[in-house]
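Descriptive structure summary
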Amino acid sequence: MTDSASGDALSPSAYVILGMIRLGRRSGYEIKQAVQLSIRFFWTISQAQIYPTLESLERSELIHGHDDPQGRRPRRVYDLTPAGESALAEWLVDDEPLSFELRDAGLLKVFFADLLDRQAALELIDKIQRRSRERVAQLQAIQPAGESMADDEGYTFPLITLRLGIAYHQAM
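Because the structure is a prediction, the values reported are computed rather than measured.

Considering the packing of helix H2 (residues 28-37) against helix H3 (residues 47-59)
- It is at 10 Å that the axes of H2 and H3 come closest, and there the two elements cross at 130°. By the criterion of interaxial angle, the relationship of H2 to H3 is oblique. The crossing of H2 and H3 is right-handed. Contact residues: Gly 28, Tyr 29, Ile 31 and Lys 32 in H2; Gln 47, Ile 50, Tyr 51 and Leu 54 in H3.
- Among the residues making up the contact of H2 with H3, the classes are represented as 5 nonpolar, 2 polar and 1 charged.

Below is the structure:
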């Protein structure tokens, strides 16, 4: 999918932003918060990426921003335009190969753990298992919000993604 105004391909971060705005009007700060509460366990986006991407998406007329100050604080919130919704929908169904990248420092260390003595390697594995148990607990703690989002707003696929994350870390 390309940005129709410039012909440039949209980045994964642009699709994250389009998707988060699709879930409801948000400011840049609220987009970062939404990422932190939802997809950060498998996809991150930095604050430094959000604002330039918002500007680019607005110039491309994929989102529309308007000022919505909160007291004395300036604030700009964004809505998805029909073109932005189309771009997001096209990206969701395009036939390009789905890349998969798992960046897990723990698994990277396990790969090289033959350097360690057996006890140190087992301690490393135990550390990874503890991390995954903590992650399961974190994900299960937000599951009621995911269920509510599915029940109240009809967004079922974030809940499916959450359940897959729980299963992944349970397997670890």
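Brief notes about a nonpolar patch on the surface
- Residues Phe 100, Leu 102, Leu 107 and Tyr 168 make up a contiguous nonpolar surface patch of about 400 Å² in total accessible area.
- Since its relative accessible area comes to 71%, Phe 100 is described here as exposed.

Things to note about the environment of Ala 113
- Tracing the chain through its elements places Ala 113 in the loop between helix H5 (105-111) and helix H6 (118-153).
- Sequence separation of Ala 113 and Arg 133 is 20 residues, and the distance between their C-alpha atoms is 21 Å.
- Discounting chain neighbours no more than four positions away, the residues touching Ala 113 are Ala 121 and Leu 124.

About the cut-offs
Residues numbered from 1 in each chain as written. Predicted model: local features only at pLDDT ≥ 70, side-chain atom pairs only at ≥ 80, totals over all residues. Heavy atoms only, no water. Axes fitted to C-alpha atoms, helices over the stretch in contact; angles between N-to-C directions. Helix = DSSP H or I, 4+ residues; strand = E, 2+ residues; numbered from the N terminus. Parallel < 35°, antiparallel > 145°, perpendicular 65-115°, else oblique. Left-handed = near helix turned anticlockwise from the far one by under 90°. Contact = heavy atoms within 4.5 Å. Nonpolar A, V, L, I, M, F, W, Y, C, P; charged D, E, K, R; others polar. Patch = residues over 30% accessible without salt bridge, like charges linked within 9 Å, V, L, I, M, F, W, Y side chains within 5 Å. Areas by Shrake-Rupley, 256 points an atom, 1.4 Å probe, with all protein chains shown as cover. Salt bridge = Lys/Arg side-chain N within 4 Å of Asp/Glu carboxyl O. Buried < 20%, exposed > 50% of the residue type's maximum accessible area, 1.4 Å probe, protein only.

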